[in-house]
Amino acid sequence: MPDAAIDAATAQIGRVQSGEVPSPVVCTFFDEATNTASHVVHCPITKRAAILDSVLDYDAAAGRTSNGSAQAIVDYVRREGLSVDWQLETHAHADHLSAAPWLQEQLGGKLGIGANIVRVQNVFGKIFNAGTRFARDGSQFDHLFQDGETFSIGDLPVTVLHVPGHTPADMAFVIGNCAFVGDTIFMPDFGTARADFPGGDARQLFQSIRRLLSLPEETRLFLCHDYKAPDREDYAWLTTVALERAHNIHVHDGVSEDDFVAMRTTRDATLAMPKLLMPSVQVNMRGGHMPEPEADGISYIKIPVNRL
Ligand SMILES: [Fe+2]
């Protein structure tokens, strides 16, 4: 089946390999509390940058946020003399709060997410009974990305791919010859993202992953999460299309869609909800902003009982 977005991304990767455009510089910040990899990617020529999937620290027991993880990103950006054009979210995360609004205050940059965030807002707006003042039109974000959209970060070309399955709104950002794949695929020894959240779909996830794995074999894949794996002591977040196709325990070449769906569905039934699901979704569906303060000026996070 012709796939114009994949063709565009493939041509773009070729332009890096031929030296026509620079290779991106990537620095990753790993948050052990939520197993999240946040990435800062920049153009070595122009020093223009994007920050992907930042983390706001959250003490659930106390209901208190802090900026230690995000401050490390600010320090790096200032030290390197980068100008931030974008705060990118691969999706509305269910396991950590986004630091994008705070980072925008510190460093600037437009906040972007996939256009299907409106579906996520509708689903979770209902689940959390968010009321009519919660807009479900994506207006909390500066830009909503479509599949196949292209833009640039300095001299780095970018192609955006819609990769639903974990959520309906997941996007992968192919920047130069690097793909930031969000919650689709993990390291080869750990497998793939879960597909059982409201709006998730294992069959779609398989198709999205096969699409990503149709990029050139040497494409560097930067992951959103790592949980180590049996026989591995260190966190890891960088792999390649070739390594995933050869070794991914869930989706290596030869695994059929039906076998994947059966595996994924069985495995998802055994997984607990992420510890920070309730606060994460309520904040991230609002573009990382807290729910509107109540009459006393305080924001409250809700817990719907016996709902999820
Ligand atoms: Fe996620």
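Residues numbered from 1 in each chain as written. Predicted model: local features only at pLDDT ≥ 70, side-chain atom pairs only at ≥ 80, totals over all residues.

Right, let's get into the environment of Val181. You can see Val181 is positioned in the loop between β12 (178-180) and α5 (202-212). Taking the C-alpha atoms as reference, Val181 lies 14 Å from Val40; in sequence the two are 141 residues apart. The residues touching Val181, leaving out its near neighbours within four places in the chain, are Ala172, Leu212, Leu221, Phe222 and Leu223. (Helix = DSSP H or I, 4+ residues; strand = E, 2+ residues; numbered from the N terminus. Contact = placed C-beta atoms within 7 Å.)

Looking now at the sheet that holds strand β11 (residues 171-175). Taken together, the six strands give an open sheet; going across it, the order is β9-β10-β11-β12-β13-β14, and neighbouring strands pair in mixed fashion. Both outer strands of the open sheet, β9 (150-153) and β14 (238-240), are each paired with one neighbouring strand and no more. When strand polarity is set aside, the average angle formed by the axes of neighbouring strands in this sheet is 30 degrees. With three bridges connecting them, β12 and strand β13 (residues 220-222) associate as parallel partners. Looking across to β13, one finds that Phe180 is bridged to Phe222. Against the sheet, helix α1 (residues 4-17) touches β9, β10 (156-162) and β11, its axis set at about 155 degrees to β10. (Pairing = 2+ DSSP bridges. Axes fitted to C-alpha atoms, helices over the stretch in contact; angles between N-to-C directions.)

Over its 13 residues, helix α2 (residues 68-80) runs 19 Å from end to end, which matches the ideal 18 Å to within 8%, given 1.5 Å per residue. Within α2 the residues assigned to the buried category are Ser69, Ala70, Ile73 and Val77. Looking down the long axis of α2, one finds its buried residues gathered within 100 degrees of arc, a one-sided arrangement. The exposed set on the far side of α2, more than 90 degrees from its buried face, consists of Gly68, Asp75, Arg78 and Arg79. Note on α2: the residue one or two positions beyond its end, Gly81, has a positive phi of about 70 degrees. (Expected span 1.5 Å × (residues − 1). Buried ≥ 20, exposed ≤ 12 C-beta atoms within 10 Å, placed from the backbone. Arc of directions from axis to C-beta.)

UniProt feature "domain: Metallo-beta-lactamase" (unreviewed entry): in the numbering of this structure it lies at residues 35-225. Helix makes up 23% of residues 35-225 and strand 28%. Its end C-alpha atoms lie 5 Å apart. (UniProt positions renumbered as here; feature names shortened; annotations may be inferred.)

So, about the pairing of β10. The buried fraction of β10 is high, at seven of seven residues. A two-sided burial pattern is seen for β10, the buried positions comprising Leu156, Val158, Val160 and His162 on one face and Pro157, Thr159 and Leu161 on the other. Of the strand pairs in this sheet, β9 and β10 are connected by four bridges, and their pairing is antiparallel. Among the inter-strand pairings, Phe151 is bridged to a residue of β10, identified as Val158. Strand direction decides the pairing type here: β10 and β11, joined by five bridges, are antiparallel. Paired with Thr159 across the bridge in β11 is Val174.

Where α2 meets helix α3 (residues 100-107), the axes come as close as 10 Å, and the angle between the chain directions of the two elements is 30 degrees. Our classification of the angle between α2 and α3 gives roughly parallel. Crossing angle aside, the handedness with which α2 passes α3 is right-handed. Between α2 and α3, the contacting residues are Ala70, Ile73, Val74 and Val77 on the first element and Trp102, Leu103, Gln106 and Leu107 on the second. Class assignment of the residues belonging to the contact of α2 with α3 gives a composition of seven nonpolar, one polar and no charged. (Parallel < 35°, antiparallel > 145°, perpendicular 65-115°, else oblique. Left-handed = near helix turned anticlockwise from the far one by under 90°. Nonpolar A, V, L, I, M, F, W, Y, C, P; charged D, E, K, R; others polar.)

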